[in-house]
Amino acid sequence: MKCSDCTNPAVTYKRYEGRALCDEHFIQTFEARVKKTIREERLIEPGDRVCVALSGGKDSSVALTILHNVLKDWRDTELFALLIDEGIEGYRNESLEIAEKLCSSLGVTLHIARFKETVHKTMDEIMEEKKFPCTYCGVFRRDLLNSKSRELGATKLATGHNMDDELQSAFMNYFRLDMNKASRLGAIAQKNELFVQRIKPLRYLPEHDVGLYAVLKGLDVHETECPYANNSLRFHVRDFLNKMEEKYPGIKFSAMHAYDSLLGMLRSSVVKEINRCECGEATAGTKCRKCELLATLKT
Ligand code: SF4
């Protein structure tokens, strides 16, 4: 099959658009979409110190690589990376090496924060006492990303969330009836003094495209899935959405559009009273989720 924009062989065919692209046109289209998101949604402003939440996987590696390219011409911004080591034997060590190599090739400083030093347990230890480790991991990682990036002076926290991740989160919040969390999705989080503002430059790109971009750019990425992943709700939601897309091409895009058209309404109708937990972090009640979960672990 030939590229729809030139005579070169195509590397991908977008079923929902009926369009084939060669490597060069795919890369151009991909990068243009990321730049459009950064520009139109004002993800980054002059003076920003951008911290990329890096895992060594394809999404965050692509986010870091593109932000590095975009920001190298901006004189008054700074870019660095932060990796959270949850303490998962045989999984995180390998991705840490890959993340270190990528940062050193780009000349970006990499900071590391570990569960063991902050919540005093590794995920492997938590798994020994809890059936659903992802609940703990997700909350502890979010908390640590926020507190550590704030300590490092970040004004923006960029994550590698792609369109599939965002859609899975939307469905998970819906299944859990968590409208508060659902109202926080989007390419840029609303400002709040207790949170480093989160940005998602890859939010409008499907997971498949992010993977292809990583391959075409020759990025060395960590592909092993976490050994605890199939215990998570996200794993099953992802599977369900992929099956739907297979049967009805383009349904993920329309589901995202539908969600985005509700987002403004959700944001204005959800009452978000933010208090400070005794640990200093944000909470909608009196105790934050991290402190609630820590209280359920054996000492
Ligand atoms: Fe953590 Fe679960 Fe993700 Fe593994 S799959 S890294 S345990 S959230």
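Our subject in this report is the structure included herewith. All values reported here derive from a predicted model rather than from experimental measurement.

1. Some remarks on the sheet that holds strand β3 (residues 49–53)
Here we have five strands laid out as an open sheet, ordered β5-β4-β3-β6-β7, and parallel in their pairing. Among the strands making up the open sheet, the edge pair consists of β5 (110–114) and β7 (197–199). Within the sheet, the average angular offset between the axes of one strand and its neighbour, ignoring direction, is 30°. Note: strand β4 (residues 78–85) against β5, five bridges, orientation parallel. In the sheet register, A81 faces β5, and the bridge partner there is L110. Packing of helix α3 (residues 92–106) onto the sheet brings it into contact with β4 and β5, and relative to β4 it is tilted by some 170°. Packed on one face of the sheet, helix α6 (residues 133–151) meets β3, β4, β5, β6 (156–158) and β7 and runs near 145° to β4.

2. Brief notes about the pairing of β4
The buried fraction of β4 is high, at seven of eight residues. Here β3 runs beside β4; their pairing, made up of five bridges, is parallel. Within the sheet, the bridge partner assigned to R49 lies in β4 and is E78. Handedness of the crossover joining β3 and β4 through helix α2 (residues 58–71): right-handed. In this view, the connection linking β4 to its parallel neighbour β5 by way of α3 has right-handed handedness.

3. Some words on the pairing of β3
The buried count for β3 comes to four of five residues, which makes it a mostly enclosed element. Pairing analysis gives three bridges linking β3 to β6, with the strands arranged parallel. Residue pairing across strands places C51 opposite L157, the latter belonging to β6.

4. What about helix α9 (residues 207–216)?
Among all positions in α9, only D209, V210, G211, L212, Y213 and A214 are buried. Buried positions along α9 lie against β1 (12–14), α1 (23–40) and α2. Just downstream of α9 lies G218, where phi reads positive at about 70°.

5. A short note on the side chain of T159
By the element assignment, T159 lies in the loop between β6 and α7 (163–175). One polar contact links T159 to H161, side chain to side chain, over a distance of 2.7 Å. Apart from residues lying up to four places away in sequence, T159 is in contact with A53, A63, R198, I199, K200 and P201.

6. Describing the environment of T118
Structurally, T118 is set in helix α4 (residues 115–118). When its relative accessible area of 39% is taken as the criterion, T118 is described as partly exposed. When the C-alpha positions of T118 and F80 are compared, they lie 21 Å apart, and in sequence the two are 38 residues distant. A polar side-chain atom of T118 sits 3.1 Å from the main-chain carbonyl oxygen of R114.

7. Details of the packing of α2 against α9
Close contact between α2 and α9 brings their axes to 9 Å; oriented N to C, the two are set at 65°. When you trace α2 past α9, the crossing you get is left-handed. On α9, the residues touching K58, D59, V62 and I66 of α2 are E207, V210, G211, Y213 and A214. By residue class, the composition of the contact of α2 with α9 is five nonpolar, one polar and three charged.

Conventions and cut-offs
Residues numbered from 1 in each chain as written. Predicted model: local features only at pLDDT ≥ 70, side-chain atom pairs only at ≥ 80, totals over all residues. Heavy atoms only, no water. Pairing = 2+ DSSP bridges. Helix = DSSP H or I, 4+ residues; strand = E, 2+ residues; numbered from the N terminus. Axes fitted to C-alpha atoms, helices over the stretch in contact; angles between N-to-C directions. Contact = heavy atoms within 4.5 Å. Buried < 20%, exposed > 50% of the residue type's maximum accessible area, 1.4 Å probe, protein only. Right-handed = clockwise from strand over helix to strand, strands pointing away. Polar contact = N/O pair within 3.5 Å; in protein donor to acceptor, adjacent residues only side chain to side chain. Left-handed = near helix turned anticlockwise from the far one by under 90°. Nonpolar A, V, L, I, M, F, W, Y, C, P; charged D, E, K, R; others polar.

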